[in-house]
Amino acid sequence: MEEQKKYKAADNEAHIHTDFSKDMTYGEYLQLDKILSAQKRLSDHHDEMLFIVIHQVSELWMKLILHELKAAIASIEEDDFQTAFKTLARVSKTQTQIIQAWDVLSTLTPAEYLEFRDSLGQASGFQSFQYRMIEFALGYKTEHVLKIYEKDPELHSQLEEAYHSPGLYDAAIKALIRKGFPVNESVIKRDYTDQYESDESVKAAWAAIYRNTDKYWDLYELAEKLVDIEDWLQQWRFRHMKTVERIIGFKQGTGGSSGVNYLKRVLDHRFFPELWDIRTEL
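Rules used throughout
Residue positions are counted from 1 within each chain, in the order its sequence is given. The model is predicted, so local features are restricted to residues of pLDDT at least 70 and side-chain atom pairs to those at 80 or more, both for listing and for counting; the totals for chains, interfaces and linings are taken over all residues. Excluded from the side-chain calculation are hydrogens and water; included are all heavy atoms of the structure. Helical segments are the DSSP runs of H or I of at least four residues, strand segments are the runs of E of at least two, and each set is numbered from the N terminus. For every residue, the accessible area (1.4 Å probe, protein chains only) is compared with the maximum for its type, and the residue is labelled buried under 20%, exposed over 50%, or partly exposed between those bounds. What makes two residues a contact is simply this: any of their non-hydrogen atoms within 4.5 Å. Under this rule, positive means Lys or Arg and negative means Asp or Glu; His and the chain ends count for nothing. Think of each charge as sitting on NZ of Lys, CZ of Arg, CG of Asp or CD of Glu. Aromatic rings from Phe, Tyr and Trp, taking only the six-membered ring of Trp, are treated as a pair when their centres fall within 6.5 Å; an angle between ring planes under 30 degrees marks them as stacked, one over 60 as edge-to-face, and anything in between as tilted. Here, nonpolar core refers to any group of buried Ala, Val, Leu, Ile, Met, Phe, Trp, Tyr and Cys residues whose side-chain atoms link them within 4.5 Å. Polar contact is defined as a pair of N or O atoms within 3.5 Å, subject to the rule that within protein one atom must be able to donate a hydrogen and the other to accept it, and that residues adjacent in sequence are counted only when both atoms are side-chain atoms. Residues enter a patch when their relative accessible area is above 30% and they make no salt bridge; the linking distance is 9 Å between like charges and 5 Å between nonpolar side chains (Val, Leu, Ile, Met, Phe, Trp, Tyr). All accessible-area figures derive from a Shrake-Rupley calculation using a 1.4 Å probe, and residue coverage is judged against the displayed protein chains alone. Here, a salt bridge means any side-chain nitrogen of Lys or Arg that lies within 4 Å of a carboxyl oxygen of Asp or Glu.

(A) Inspection of the overall build of the protein chain at higher detail. Counting its secondary structure elements, the protein chain contains 14 helices and zero strands. Across the protein chain, helices and strands are ordered from the amino to the carboxyl terminus as α-α-α-α-α-α-α-α-α-α-α-α-α-α. With the C-alpha coordinates aligned to their principal axes, the bounding extent of the protein chain is approximately 75 × 55 × 35 Å. Taking all 282 residues of the protein chain together, the buried fraction comes to 43%. Contacts in the protein chain between residues at least 24 apart in sequence constitute 70% of all its contacts with a sequence separation of at least 6. Distance between charge centroids for the protein chain: 2 Å, based on 35 positive and 47 negative side chains.

Right under this line is the structure:
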């Protein structure tokens, strides 16, 4: 009986494709030869592999976040809120994956990191251009970081474009205007390279939406999706800060930043300030 079961199981898998002489394989589709050969340790220390993989995986997730944020902005501009909600929900779920990556990296002890830290030279996560583009897309603009990328003119050009472009919150505010909310003209005509500052007319609009959720359900849902994204990003920043503190204490970062002190300062920044302020006033 047992033998018969084995034969039946084998028959059920008889159609598994095994001849790939003319067909594309899974590895070829994903270009795994490139991905899995991209971990080049600069030292002989075992734990450097962990350090490289965590950062590469995080960069891949950030690539997806940027892909989805761009699509979400386009959807909001077309008042296609349902598509935007799905896309922004995917951004939030992706953010949770990056946050969990810090838990894995925190298994690296100070003694282990010191074994290969000098091999990094001035290379630092502070220089992540994708993270800067995420910040730009969310309205956090810092001109001084652009100088870091002058070594690569094409990359620098991409960052310059993102630096001067309206972001996710700008798209949301324009949606408020299209729905008839009176928003100060200065908000829309502002220089997008400037840090976004809280505006009373925008706050009044969001407050009206939260007080009339049935009437403005799409905008209410959009607001909550924005809060989700900022919440998760701040949690990412916090886990980053605590992981760095756990591994190097208050040493200066390899890229020259003040390390933990810098990471603590950015925790005070708010991307969508009115959406947080109204919670006290409702």
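(B) Local environment of the packing of aromatic side chains. The final tally for this structure, using the stated rule, is 15 aromatic pairs. For the ring pair Phe 51 and Phe 116, a centre distance of 5.6 Å and an interplane angle of 65 degrees mean the geometry is edge-to-face. Separated by 65 residues along the polypeptide, Phe 51 in helix H4 (residues 48-77) and Phe 116 in the loop between helix H6 (110-114) and helix H7 (129-137) bring together distant segments of the chain. When sorted by exposure, Phe 51 lands in the same class as Phe 116, which is buried. Judged by centre distance (6.2 Å) and plane angle (25 degrees), the ring pair of Phe 81 and Phe 85 falls under stacked.

(C) Fine view of unusual backbone geometry. A positive phi angle, close to 50 degrees, is found at Gln 31, a residue other than glycine. Secondary-structure assignment places Gln 31 in the loop between helix H2 (26-30) and helix H3 (32-35). Even without being a glycine, Asp 79 presents a positive backbone phi close to 60 degrees. Within the secondary structure layout, Asp 79 lies in the loop between H4 and helix H5 (81-105). By relative accessible area, Asp 79 is classed as partly exposed at 35%.

(D) Broad picture of the nonpolar core. Residues Leu 168, Tyr 169 and Trp 206 are the most contacted members of the largest nonpolar core, which totals 75 residues. For this core, the leading source of residues is helix H12 (residues 217-248), giving twelve residues. Leave out the neighbours within four places in its chain, and Tyr 169 touches Tyr 196, Val 202, Trp 206, Leu 226, Phe 271, Phe 272, Glu 274 and Leu 275.

(E) Up close: the side chain of Arg 237. Inspection of the secondary structure puts Arg 237 in helix H12. Classification of Arg 237 by relative accessible area gives buried; the value is 2%. Here Gln 234 takes part through its side chain, which lies 3.2 Å from a polar atom of the side chain of Arg 237. Setting aside chain neighbours within four positions, we find Arg 237 in contact with Tyr 131, Glu 135, Tyr 140, Val 266, Leu 267, His 269 and Phe 271.

(F) Quick peek at a nonpolar patch on the surface. On the surface, Met 24, Tyr 26, Tyr 29 and Leu 30 cluster together to form a nonpolar patch covering roughly 510 Å² of accessible area. Turning to its location among the elements, Tyr 29 is positioned in helix H2. With relative accessibility at 59%, the residue Tyr 29 sits in the exposed group.

(G) Region of interest: the environment of Arg 237. Along the primary structure Arg 237 and Leu 263 are separated by 26 residues, whereas in three dimensions their C-alpha atoms are 7.1 Å apart. Engagement of the side chain of Arg 237 in a polar contact is seen with the side chain of Glu 135, the distance being 3.1 Å.

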